[in-house]
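Remarks on the overall topology
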Amino acid sequence: MFGEIVKTFRKRARLTQDQFAPLVGYSLETIASIEQGRRLPPPDFAERADSLLDAFGVILAAAKHLTRWKGLASWFRQWALLELGALSLYTYECRLIPGLLQTPAYTRTLFADRLPPLDDEQIEARLAARLERQQLLRNRPNTAFSFILEEHLFLRQLGGEEVTRELIDHILDLSELRNVDIQIMPLARHHHAAIDGPMQLLETPEHQWFGYLEGQMYGQFISDPKVVSVIQMRCASMRSQALSLDDSKSLMRRMRGAR
């Protein structure tokens with residue numbers, strides 16, 4: 001419904017999606033996804049669109065009712081919404097490959113192994129939502145994405161050798177993007193700043209910083225500056241403890257060749 005409202009006011013203003021996208025400050029793909037109801041708008045989109053299209057506050061009012069995001073867990077949606085407009089995003093993972101870097105085959109394996117079991121419709125909805133999120137890496141070239149991954153995530157061979165080989169190739173391709181840094185934390189390391197588990201750190205366009213921690217059944221959004229500062233320190237330390245960007249690529253190529 002929100003997408004239809006935006007489209008109606010856009011057409012009323014006699015603007016095509018191509019014309020509207022640069023005026024509101026987002027890509028054509030983002031505008032199309034919003035109007036088709038395939039993604040939630042970024043945090044500042046409704047205000048920009050309402051003003052630009054002279055929508056009498058209708059778009060802003062409609063945005064208040066955007067509470068559902070099919071395929072994403074309810075406790076993750078606040079963080080996913082902030083991702084859409086982030087200036088920088090730092091991720092450390094020790095359990096599984098982060099969703100933004102997964103291949104469809106790897107993601108299907110995760111969902112197929114989920115307990116309680118998911119039905120086919122639930123799996124497809126979650127896969128579609130994850131693939132939609134992954135567009136951020138290419139649609140947000142001015143957002144800096146930094147990932148630190150444990151080496152054992154690849155050695156586990158989740159889904160089998162072919163799935164792992166495809167996954168490594170995919171991550172190597174993504175590492176060539178100018179806005180994406182991927183580092184590997186090797187198995188043997190005498191010092192490790194993130195023993196407490198995975199963490200994410202995000203900077204908003206207003207230069208606010210937030211953190212996110214995730215467990216098996218829930219996610220914890222962190223806004224307390226003191227706790228965010230701890231996550232910042234740990235992320236900074238991890239970037240120096242992990243392999244360099246080039247050494248990380250070399251290790252992934254060696255792991256791929258060994259399969």
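Okay, so let's go over this structure. (Residues numbered from 1 in each chain as written. Predicted model: local features only at pLDDT ≥ 70, side-chain atom pairs only at ≥ 80, totals over all residues. Heavy atoms only, no water.)

Before going further, it helps to spend a moment on the overall build of the protein. Across its full length, the protein carries 13 helices and six strands. Its C-alpha atoms give the protein a radius of gyration of 20 Å, near enough to 18 Å, the size a compact globule of 259 residues would have. Principal-axis analysis of the C-alpha atoms gives the protein an extent of 60 × 40 × 35 Å. Buried positions account for 46% of the 259 residues belonging to the protein. Counting only contacts in the protein whose residues sit at least 6 apart along the sequence, the fraction spanning at least 24 positions is 71%. Accessible area of the protein: about 13,600 Å², with a carbon and sulfur share of 52%. The averaged location of the 32 negative side-chain charges in the protein is 2 Å from the averaged location of its 32 positive side-chain charges. (Helix = DSSP H or I, 4+ residues; strand = E, 2+ residues; numbered from the N terminus. Rg over C-alpha atoms; globule rule 2.2 N^0.38 Å. Buried < 20%, exposed > 50% of the residue type's maximum accessible area, 1.4 Å probe, protein only. Contact = heavy atoms within 4.5 Å. Areas by Shrake-Rupley, 256 points an atom, 1.4 Å probe, with all protein chains shown as cover. Lys, Arg positive; Asp, Glu negative; His and termini not counted. Charge placed at Lys NZ, Arg CZ, Asp CG, Glu CD.)

Among the structural elements, Arg10 can be located in helix H1 (residues 2–12). Sequence-wise, Arg10 and Pro104 are 94 residues apart; in three dimensions their C-alpha atoms are separated by 34 Å. For Arg10, the residues in contact, after removing those within four places along its chain, are Leu15, Thr16, Gln17, Phe20, Glu35 and Leu53.

We now examine unusual backbone geometry. Geometrically, the link from Leu115 to Pro116 is a cis peptide bond, its omega value of -5° lying close to zero. Mapped onto the elements of the fold, Pro116 is located in the loop between helix H7 (104–112) and helix H8 (120–134). In the Ramachandran plot, Phe56 falls in the positive-phi region, its phi being about 60° despite a non-glycine side chain. Overall, Phe56 belongs to the exposed group, its relative accessible area being 60%. One non-glycine residue, His207, lies in positive phi territory at about 65°. Structurally, His207 can be placed in the loop between strand E4 (199–203) and strand E5 (209–214). With a relative accessible area of 55%, His207 lands in the exposed category.

Moving on, we come to the side chain of Thr103. Of note, Thr103 is situated in the loop between strand E1 (88–93) and H7. Residue class for Thr103 comes out buried when judged on its relative accessible area of 3%.

Moving on: the pairing of strand E2 (residues 144–150). Within E2, six of the seven residues are buried, which leaves the element mostly enclosed by the surrounding structure. Summarising the sheet, E1 and E2 pair through six bridges and their orientation is parallel. Note that in E2 the partner of Tyr90 across the bridge is Ser146. Inspection of the sheet shows E2 paired to strand E3 (residues 180–185) by six bridges, in the parallel sense. Each bridged residue has a counterpart across the sheet, and for Phe145 the counterpart in E3 is Val180. (Pairing = 2+ DSSP bridges.)

Glancing now at the nonpolar core. Leu149 and Phe154 are the most contacted members of the largest nonpolar core, which totals 34 residues. The element best represented in this core is helix H11 (residues 161–174), accounting for six residues. One finds Ile5, Ala21, Phe45 and Ala62 within the second-largest nonpolar core, a separate group that totals 18 residues. (Core = buried A, V, L, I, M, F, W, Y, C linked by side-chain atoms within 4.5 Å.)

Turning our eyes to something else, we now look at the pairing of E5. Here E4 pairs with E5 via four bridges, running antiparallel. Each bridged residue has a counterpart across the sheet, and for Glu203 the counterpart in E5 is Trp209. Judged from the four bridges that link them, E5 and strand E6 (residues 219–222) form a sheet pairing that is antiparallel. Bridge pairing links Tyr212 to Phe221 in E6. Between E5 and E6, which pair antiparallel in sequence order, lie four residues.

This part covers the sheet that holds E6. The six strands lie next to each other as E3-E2-E1-E4-E5-E6, forming an open sheet whose pairing is mixed. At either margin of the open sheet sits one strand with a lone partner, and together these are E3 and E6. In this sheet, adjacent strand axes meet at a mean angle of 10° when their direction is disregarded. In the sheet, E1 pairs with E4 via five bridges, with the strands oriented antiparallel. Note that in E4 the partner of Thr91 across the bridge is Gln200. (Axes fitted to C-alpha atoms, helices over the stretch in contact; angles between N-to-C directions.)

This next bit is on H7. The set of residues buried in H7 consists of Tyr106, Thr107, Thr109, Leu110 and Phe111. Packing partners of the buried residues in H7 comprise H8 and H11.

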